[in-house]
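Report on the structure
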Amino acid sequence: MGIFDFFKKKDNRQENVSAPIQQQEMPVEEIVEEKVEEVVETVPKTVLETPVQPQPVEEKKVNELYEKIKIYSDYVVYSIALQLRGDFAPISAFENENGEVEGFAYMITDPTYGLSPQVVLSNMKEKFENELKEGKIKSYAILYHSQFNDDDNHALAVNPEDLKAITLSYHFNDSEEGNIALPYVFENENVTFKGFAEFSHEENNEIMNNQLVDGKDYFTNREEIKSPESTNEAGIIIKKSNVHSLANMWGGIFGFQNFQTQEKFSQYLMETMALYRVAEIAADEKAKFTEFKYVTFKTIISDDFNTIYPEVKTDFSLEFETKEIREWENVENNEAIVGGLGRDTFGLWFFPTDYVENKTQYQTQNKLNISISGIIFVLDLHESFDLPDGTKTDEEFTAYKPSQDLPDYGCIDFIGKVLDIQEAELLPDGSVKGFILKLRLITNSEVENFFTVDAFVSKENMRFAALSVGMQVAGAMQLQGKIVG
């Protein structure tokens, strides 16, 4: 599930498939040629009784594999260029009937849904094998990062520590097929490529020194990866996503820096889940690790699905009309983001903490009463600014919009007014400290709590020290909710 991943940009060695970038000319590491000491035997002149006859010049042998593979030089260099940019996505190319080489790649248009490298490799191979049998192409090459380490192991590299080489998997219409690999080593922030063992130093250099054309589209053949989507009988759109995790929520609770650098917090969550699996331990004893004054660490343990996430307690609720549900395939559709209208007025997305037990209600009942609360990821003082029409925002101004960084998690960027402050401590020893803020997010002259949420903020995620009732604050928040009444 990846619930212990820190809230940050995707790691450079991510598994999700990325769309190829329009190529800029990238520097390529020079091939390191392994030096082999040449042993020369010296023959005493006295032994040479006759003059040495000149030897005929040996004809240079043609490396047939190299002659076939070199047509894919652009894509070897392209794969290296992507790696230097931190992109480890598989790419491919094929030779069409007239001998021209064209690139093929899967393109991500929806950041919430992608294909795993395993699926990409399988789909590419199936596609090209079919086209090869049908005579539509003459050959193909698929390039991916593998575990190859000067052996025959061309298995896909799934974990960062497995990254050893770029494997080129090929198949030609004369039945020749196989794998060759371009090994590399990481040295501090640099990567050094060793060259294909099957090719000479000169042949490797001819490939590696190949220059990509600035602005050229190397992937004229693309297949778009689309998120599965349907509309059910209740008129609710059900859309799938498969890249989400709960890491951001826990970063909001413990502090993002702490959650990244202090292993004790992820260890605490794992130990708490293990505790809840032990039937012999009393419920009130378990609650000491999950029930706090303002926040509950909700733990779900079952044969099919186990998880834990923070739930901020609140008495605030509103009428909600469900329009769309984005289910998370990567956790067997047991978690989701729900979107719709609050009070028939404003758009609202939230993470339902009760989705496992109330999935049917969410999918079949358009009208629900939902309690809404939040976890603040970052909190700062609000600085007044002018609206597009020239109006200057005053001390009563409030607003929110979908988060610029995390729009698909039910997160918002907001300007709110602090109506109440309560100090909050989490964990049995009270070591996690923060505040529960009652924040007005929409100002309505007729309804006092038109959209007012209770939100937890860790002191570690605050950019200022002194909080006071009545001040305006700005930040980013994860909205969460559950069905009530």
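Residues numbered from 1 in each chain as written. Predicted model: local features only at pLDDT ≥ 70, side-chain atom pairs only at ≥ 80, totals over all residues. Heavy atoms only, no water.

Here's the deal with the overall build of the protein chain
A tally of regular secondary structure across the protein chain gives nine helices and 20 strands. Across the 485 residues in the protein chain, those meeting the buried criterion constitute 48%. Considering only residue pairs separated by 6 or more positions, the protein chain has 66% of its internal contacts joining residues 24 or more positions apart. Split by element, the accessible area of the protein chain, about 25400 Å² in all, is 46% carbon and sulfur. (Helix = DSSP H or I, 4+ residues; strand = E, 2+ residues; numbered from the N terminus. Buried < 20%, exposed > 50% of the residue type's maximum accessible area, 1.4 Å probe, protein only. Contact = heavy atoms within 4.5 Å. Areas by Shrake-Rupley, 256 points an atom, 1.4 Å probe, with all protein chains shown as cover.)

Digging into the pattern of salt bridges
Applying the stated criterion across every chain, the model contains 22 salt bridges. Two residues, Glu131 and Lys127, come together in a salt bridge whose shortest N-O distance is 3.0 Å. Of the two residues, Glu131 and Lys127 are both situated in helix 3 (residues 117-133); the distance of four residues between them amounts to about one turn of the helix. For Glu131, a relative accessible area of 16% gives the class buried. (Salt bridge = Lys/Arg side-chain N within 4 Å of Asp/Glu carboxyl O.)

Quick look at unusual backbone geometry
At Asp344, a residue that is not glycine, the phi angle is positive and equals roughly 55 degrees. Along the chain, Asp344 turns up in the loop between strand 13 (336-342) and strand 14 (346-352). The phi dihedral of Leu427 falls on the positive side, at around 75 degrees, and the residue is not glycine. One can find Leu427 in the loop between strand 17 (411-426) and strand 18 (432-442).

Some points on the side chain of Thr296
Within the secondary structure, Thr296 sits in strand 10 (residues 295-301). Taking the relative accessible area as the measure of exposure, Thr296 reaches 10% and is therefore buried. Side-chain polar atoms of Thr296 contact the side chain of Glu291, separated by 3.0 Å. Here Thr296 is in contact with Thr290, Glu291, Tyr309, Pro310, Glu311 and Lys313, once residues within four sequence places are set aside. (Polar contact = N/O pair within 3.5 Å; in protein donor to acceptor, adjacent residues only side chain to side chain.)

Description of the confidence of the model for the protein chain
Interpretation of this model should avoid reading the predicted coordinates in detail wherever pLDDT is low. Confidence along the protein chain averages 87 in pLDDT terms, with 86% of residues attaining 70 or more. By mean pLDDT, strand 6 (residues 190-193) is the weakest element of the protein chain at 90, and strand 19 (residues 451-458) is the strongest at 98. For residues 1-52, every residue scores under 50 in pLDDT, and the model assigns this stretch 104 contacts once sequence neighbours within four places are set aside. (pLDDT = per-residue confidence, 0-100.)

Topic: the packing of aromatic side chains
The tally for this structure, following the rule as stated, stands at 31 aromatic pairs. The interplanar angle of 35 degrees and the centroid separation of 6.3 Å between the aromatic rings of Phe316 and Phe451 together place this pair among those described as tilted. Taken together, the residues Phe316 in the loop between strand 11 (306-312) and strand 12 (317-328) and Phe451 in strand 19 connect sequence positions 135 residues apart. Owing to a relative accessible area of 11%, Phe316 belongs among the buried residues under this scheme. Seen from their ring centres, Tyr400 and Phe451 are 5.5 Å apart, and the 70 degrees between their planes marks the pair as edge-to-face. With a gap of 51 residues between them, Tyr400 in strand 16 (residues 399-402) and Phe451 in strand 19 connect regions that are remote in the sequence. Phe451 matches Tyr400 in its accessibility class, with the two residues each being buried. Sitting over the ring of Tyr276, Lys286 keeps its end group 5.5 Å from the ring centre. (Phe/Tyr/Trp six-rings, centres within 6.5 Å; stacked < 30°, edge-to-face > 60°. Lys NZ or Arg CZ within 6 Å of the ring centre and 35° of its normal.)

Description of the layout of surface pockets
Taking a probe equal in size to a water molecule and rolling it over the atoms shows the remaining empty space. Taken as a whole, the second largest pocket holds about 530 Å³ of empty space. If you go around the second largest pocket, you meet 23 residues; those closest to its centre are Val378, Asp413, Arg463, Gly475 and Ala476. The greatest single-element share of the lining of the second largest pocket, amounting to four residues, is contributed by strand 15 (residues 367-381). Partitioning the lining of the second largest pocket into residue classes produces 12 nonpolar, five polar and six charged. (1 Å grid on protein atoms, 1.4 Å probe; cavity = no way out; pocket = protein on both sides within 12 Å on 5 of 7 lines; lining within 4 Å. Points joined across faces, edges and corners; volume = space filled by probe spheres on them. Nonpolar A, V, L, I, M, F, W, Y, C, P; charged D, E, K, R; others polar.)

Looking at the nonpolar core
Side chains that are nonpolar tend, in soluble globular proteins, to be buried together. Core analysis: the largest hydrophobic core is formed by 40 residues, its most contacted members being Ile372, Leu379, Phe414, Leu439 and Phe451. If we ignore the near neighbours within four places in the chain, the residues touching Phe414 are Ile376, Leu379, Ala399, Tyr400, Leu439, Leu441, Val473, Ala474, Gly475, Ala476 and Met477. (Core = buried A, V, L, I, M, F, W, Y, C linked by side-chain atoms within 4.5 Å.)

With respect to the sheet that holds strand 7 (residues 221-225)
Pairing is mixed across the open sheet formed by seven strands, whose spatial order is 6-5-4-3-1-2-7. Bordering the open sheet on either side are strand 6 and strand 7, each of which pairs with just one other strand. Shown here is a sheet whose adjacent strand axes are inclined to one another by a mean of 20 degrees, direction ignored. When strand 1 (residues 91-96) meets strand 3 (residues 137-146), the two strands line up antiparallel, connected through six bridges. Among the inter-strand pairings, Ile91 is bridged to a residue of strand 3, identified as Leu143. In the packing of helix 3 onto the sheet, the strands contacted are strand 1, strand 2 (101-108), strand 3, strand 4 (165-172) and strand 5 (177-187), and the crossing angle to strand 3 comes to about 170 degrees. (Pairing = 2+ DSSP bridges. Axes fitted to C-alpha atoms, helices over the stretch in contact; angles between N-to-C directions.)

Comments concerning the side chain of Thr290
Mapped onto the secondary structure, Thr290 falls in the loop between helix 8 (283-287) and strand 10. For Thr290, a relative accessible area of 2% translates into the label buried. Side chain to side chain, Thr290 and Tyr276 meet in a polar contact 2.6 Å long. The contacts of Thr290, once residues within four sequence positions are left out, are Tyr268, Thr272, Tyr276, Val295, Thr296, Phe297 and Thr299.

Structural notes on the pairing of strand 15
The sheet contact formed by strand 12 and strand 15 spans five bridges and is antiparallel. Looking at the pairing, Glu321 lines up with Lys367 of strand 15.

Quick notes on helix 4 (residues 201-208)
Residues Glu203, Asn204, Asn205, Ile207 and Met208 constitute the buried set of helix 4. Where helix 4 is buried, its residues touch helix 1 (64-69), helix 2 (73-84), strand 5 and strand 6.

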